[in-house]
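# Residue-level structural notes
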Amino acid sequence: GQMLIVAAQFNDARITATILSTIPLSMFGAMSGLLITHQVFGFTAFLGIITLGGVVTNHAIMFFEYTRREQSEGQEAMLSAGRKRIRPILLTVLLSIGGLLPLGWGGGNLWPPMAWSLVFGLIYSLPLALIIVPSVYASLSSLSWASLPKFKRAAPLVLIALSMQLCSLPARAEETPTLTITLNQ
């Protein structure tokens, strides 16, 4: 669903592939945050990762939307967009982290996995949004797409769609111990 909306908005397969490539990449930060803080991957951690995918996608969409508004092609527009978008992206990330830290430290047993996956995912997404997204787009735009066969032009979109489907598969739940109470008379 998200892929079709982004493709319809930008009408460019390279931008769509670049924007959607941020989702699997940002998951490394979320998963490392769960490992560092010794949190269990469960439902709330999964909610955090889904939310992180939306935030990171939004950062990339805003970057390309500003680049498109510049009406210039090439690296100059991307550099200008990077310089002008660094403050809003940095403020969004820092304020989100500041709001999630109390939830991670004192949120009981339910909310810390979500909070820590979001915090570490947002920290990881900052260089992702400002460095990796323009680099991936520059490498994709340097290819001569017109000379490629149609099935190879669609390969990045297919790979992104497959990785998103693999990431959305349900995690294997650990068996929870059951408490048995017996009454002796």
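What counts and how
- Residues numbered from 1 in each chain as written.
- Predicted model: local features only at pLDDT ≥ 70, side-chain atom pairs only at ≥ 80, totals over all residues.
- Heavy atoms only, no water.
- Helix = DSSP H or I, 4+ residues; strand = E, 2+ residues; numbered from the N terminus.
- Buried < 20%, exposed > 50% of the residue type's maximum accessible area, 1.4 Å probe, protein only.
- Contact = heavy atoms within 4.5 Å.
- Phe/Tyr/Trp six-rings, centres within 6.5 Å; stacked < 30°, edge-to-face > 60°.
- Polar contact = N/O pair within 3.5 Å; in protein donor to acceptor, adjacent residues only side chain to side chain.
- pLDDT = per-residue confidence, 0-100.
- Core = buried A, V, L, I, M, F, W, Y, C linked by side-chain atoms within 4.5 Å.
- Patch = residues over 30% accessible without salt bridge, like charges linked within 9 Å, V, L, I, M, F, W, Y side chains within 5 Å.
- Areas by Shrake-Rupley, 256 points an atom, 1.4 Å probe, with all protein chains shown as cover.
- Salt bridge = Lys/Arg side-chain N within 4 Å of Asp/Glu carboxyl O.

Attention now moves to the overall build of the protein chain. Per the secondary structure count, the protein chain includes 7 helices and 0 strands. Each helix (α) and strand (β) of the protein chain, taken in turn from the N terminus, gives the series α-α-α-α-α-α-α. By residue count, 37% of the 185 residues in the protein chain fall in the buried class. Taking as baseline every contact in the protein chain between residues at least 6 positions apart, the subset at least 24 positions apart corresponds to 71%.

Take the packing of aromatic side chains next. Across all of its chains, the model carries 4 aromatic pairs by this definition. Between Phe 41 and Phe 46 the ring centres are 6.4 Å apart and the planes differ by 80°, which places this aromatic pair in the edge-to-face class. For Phe 41, a relative accessible area of 32% gives the class partly exposed. Owing to a relative accessible area of 25%, Phe 46 belongs among the partly exposed residues under this scheme.

Turning our attention to the side chain of Thr 44. Position of Thr 44 relative to the elements: it lies in helix α3 (residues 43-69). The exposure class assigned to Thr 44 is buried, which follows from its relative accessible area of 8%. Only 2.9 Å separates the side chain of Thr 44 from the backbone oxygen of Leu 110, close enough to count as a polar contact. If sequence neighbours within four positions are ignored, Thr 44 has contacts with Leu 110, Trp 111, Pro 113 and Met 114.

What follows deals with the confidence of the model for the protein chain. When the pLDDT values of the protein chain are averaged, the result is 75; 72% of them are 70 or greater. When mean pLDDT is compared element by element in the protein chain, α3 scores highest at 85, while helix α6 (residues 150-153) scores lowest at 51.

What follows deals with the nonpolar core. Formed by 17 residues in total, the largest nonpolar core has its most connected members in Leu 52, Val 93, Ile 97, Leu 100, Leu 118, Val 119 and Leu 122. Every element with two or more residues in this core is listed here: α2 (13-36), α3, α4 (75-106) and α5 (112-142). Counting residues per element, this core draws most heavily on α5, which supplies 8 residues. Once residues within four sequence positions are removed from consideration, Leu 122 is found in contact with Leu 52, Val 55, Val 93, Ser 96, Ile 97 and Leu 100. By size, the runner-up hydrophobic cluster in this structure holds 13 residues, among which are Val 6, Ile 19, Met 78 and Tyr 137.

Let us look at a nonpolar patch on the surface. Judged by side-chain polarity, Ile 86, Leu 90 and Leu 94 come together as a nonpolar surface patch covering roughly 250 Å² of accessible area. Position of Ile 86 relative to the elements: it lies in helix α4. The class of Ile 86 is partly exposed, set by a relative accessible area of 40%.

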